[in-house]
Amino acid sequence: MRLFWLRALRSAAPPRTRCCSGGTQGEVRLRFAPSPTGFLHLGGLRTALYNYLFVKKHGGSFILRLEDTDRSRLVPGAADSIEDMLEWAGIPPDESPRKGGLFGPYEQSKRLPFYQDAVQTLLENGAAYHCFCTPQRLELLKKEALRNRETPRYDNRCRHLTTKQIDEKLSKKLPYVVRLRLLEGPQSFKDLVFGWNHHNVASVEGDPVILKGDGFPTYHLANVVDDHMMAVSHVLRGEEWLVSTAKHLLLYRALNWQPPLYAHLPLLLNKDGSKLSKRQGDIFIQYFANSGYLPEALLDVITHCGSGFLGHQMGRTLTELLEQFDLERIISHSALIDLDSLLDFNRIHLARRIYGTETRREMVKQLQTLLQEKYKDVTFNQDYIERILMLRKGHLCKLTDLLSPDYSYLWIRPSVHREELHKLTSEVAEIGSLVVRLLQDSHNEISAEMLNKELRNHLQQLKDTKYSVSMKLLRKIISGLESGPSVAEMLLSLGPQESIARIQNALSS
Ligand code: GLU
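Small disclaimer: the values here were computed from a predicted structure and weren't measured. (Residues numbered from 1 in each chain as written. Predicted model: local features only at pLDDT ≥ 70, side-chain atom pairs only at ≥ 80, totals over all residues. Heavy atoms only, no water.)

Draft legend 1. Representation of the state of the cysteines. Going through the model one piece at a time under the given rule, you end up with zero disulfides. Its sulfur unpaired, cysteine 305 is 19 Å from the next cysteine sulfur, which belongs to cysteine 397. Residue classification places cysteine 305 among the buried residues on the basis of a relative accessible area of 18%. (Disulfide = S-S within 2.5 Å. Buried < 20%, exposed > 50% of the residue type's maximum accessible area, 1.4 Å probe, protein only.)

Draft legend 2. Representation of unusual backbone geometry within the structure. Looking along the chain, the bond that leaves glycine 104 and enters proline 105 is cis, with omega of -10°. Within the secondary structure, proline 105 is located in the loop between α3 (78-88) and α4 (112-124). Phi angles above zero are rare outside glycine, and arginine 149 is one such case at about 55°. A relative accessible area of 80% means that arginine 149 is categorised as exposed. Located in the positive-phi region is lysine 173, a residue other than glycine, with phi close to 60°. Of note, lysine 173 is situated in the loop between α6 (163-171) and β4 (177-180). (Helix = DSSP H or I, 4+ residues; strand = E, 2+ residues; numbered from the N terminus.)

Draft legend 3. Region of the structure containing the side chain of arginine 137. Looking at where arginine 137 falls in the secondary structure, it is placed in helix α5 (residues 135-147). For arginine 137, a relative accessible area of 17% puts it in the buried group. Side chain to side chain, arginine 137 and aspartate 155 meet in a polar contact 2.4 Å long. Sequence-distant contacts of arginine 137, defined by excluding residues within four places in its chain, comprise Tyr154, Asp155 and Arg157. (Polar contact = N/O pair within 3.5 Å; in protein donor to acceptor, adjacent residues only side chain to side chain. Contact = heavy atoms within 4.5 Å.)

Draft legend 4. Highlighting the pattern of salt bridges. Counted under the stated rule, the structure contains 30 salt bridges. The partner of lysine 56 in a salt bridge is aspartate 94, and the shortest N-O contact between them spans 3.5 Å. Placement of the pair is lysine 56 in helix α2 (residues 42-58) and aspartate 94 in the loop between α3 and α4, with a sequence separation of 38 residues. Exposure remark for aspartate 94: the relative accessible area of 33% places this residue in the partly exposed category. Connected through shared salt-bridge partners, Arg31, Arg65, Glu67, Arg111, Asp226 and Asp227 make up one network. (Salt bridge = Lys/Arg side-chain N within 4 Å of Asp/Glu carboxyl O.)

Draft legend 5. Representation of the site of the ligand within the structure. What surrounds the ligand is the set Arg31, Ala33, Ser35, Glu67, Tyr219, Asn223, Arg237 and Trp241. Within the side chain of serine 35, a nitrogen or oxygen atom sits 3.2 Å from a nitrogen atom of the ligand. Between the ligand and tyrosine 219 there is a distance of 2.8 Å, counted from an oxygen atom to a side-chain nitrogen or oxygen. Here the shell around the ligand is composed, by residue class, of three nonpolar, two polar and three charged. (Near = heavy atom within 4 Å. Nonpolar A, V, L, I, M, F, W, Y, C, P; charged D, E, K, R; others polar.)

Draft legend 6. Region of interest: the environment of lysine 393. In this structure, lysine 393 sits in the loop between α15 (382-392) and α16 (418-424). Sequence spacing of lysine 393 and arginine 352 is 41 residues, and the spatial spacing of their C-alpha atoms is 8.4 Å. In this structure, lysine 393 is in contact with Ala351, Ile354 and Tyr355, ignoring residues within four places of it in sequence.

Draft legend 7. Local environment of the nonpolar core. If you look at the biggest cluster of nonpolar residues, it comprises 96 residues, and the most contacted ones within it are Leu42, Leu389, Trp411 and Leu455. The greatest single-element share of this core, amounting to nine residues, is contributed by α2. By size, the runner-up hydrophobic cluster in this structure holds 37 residues, among which are Tyr106, Ile210, Val235 and Leu249. (Core = buried A, V, L, I, M, F, W, Y, C linked by side-chain atoms within 4.5 Å.)

Draft legend 8. Representation of the environment of glycine 38 within the structure. Summarising the element assignment, glycine 38 is placed in the loop between β1 (29-32) and α2. For glycine 38 and leucine 424, which are 386 residues apart along the polypeptide, the C-alpha to C-alpha distance reads 58 Å. Beyond its immediate sequence surroundings of up to four residues, glycine 38 is in contact with Val75, Ala78 and Ile82.

If you want it as structure tokens, here you go:
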């Protein structure tokens, strides 16, 4: 069994050729590797997006790999939801736990034999060793370091065990972990965003555990084994992993594998520079999806605050982001996100969707369903819904705004009380008849601007009612509201027939 896996491990390593910095042509394969210890949040979506853009730019494969070896912290439903959210955002993976692919399985918990075989290789070539230190001893080391105001680190004691001592302990079935023997000296590498990095891990850390007591690998080992076996060409991940890269390179060296190229993405922070906390409920993508935000608005807001694109204009779609993206445009400054502007981003993208014929049709259908759910017995004509969308585009922040009480007049007639109208003016009947005539005479194509002008021309001639009062009266009659869109726009939204019917009802009430 072991031999089989070992062979599989070695033969799965493809000849490594690369495009971009490597200069030669080869398949570009990038992975997004979240841990399902939580749901997808803005930071994760941004990492996934940059991976996706790079892959699409260079014609390669985008992989979703779930790093689920920390079994105690798994959150039920997170794994599925992460893949759902990538699809919702319009950046679906080409290979994933659900889609499968030639390099699967795509969940680390299903890949244990690969890690165990890598560990075997490392033990055989002396790059790793068994460590039998008890938790109590490690705790003592830690306490002592803290007492001396030093950073706790393992003292590498088990490095020096003889083969005989190890065999004895193994035969006694003493619990153990496997540690990587850190080599002295810096592991220099050129990060594609942060430039040269010369981190000397051995000078600040003790030998790290690569295989835990329960037989599960730690992040570092699993990450390296999988990136190699999945033929990952470029690793694009958050800046927080930059310091771990030296450790990863030591593992590549010990396994005699060629590492991928690395590009670390600068941090995504709140606009005041504080960390985006996963405890802030409103950073999860599921929340945005459920709250009526459009995926393209979310992609726009998370890229607008950072680098990698041409300029910083608002309103870019995924296609435009793709056209403008260039890894070389990413700079190492943190990206400060202004979530207060998200509604504005959504408004712009909603208007773009309403503007496009195909996308408008989808919006109409979506709104029709929502309306049907809210106003059970009323039926809504698609042309009417379309007209409303066209008139309100640029004002609506979310499609669901149209379900708010302020817009209910569009879908149901308001109840208007005669006394309320007469409190405003004694010329209710004159104003009503005048506007009815105006609507009967106006042609279908009249714009809100023209209708507004006509209303002003006619209503300003009244003796006893100020123009603003006439507007208040009309707004009340047709919508039951005190404020809102212009009266002309309201009349146009409802159409002449319905507007006339509402005015006549009010006059006869
Ligand atoms: N599982 C790690 C995370 O949660 C992946 C880091 C990497 O991309 O190497 O972000």
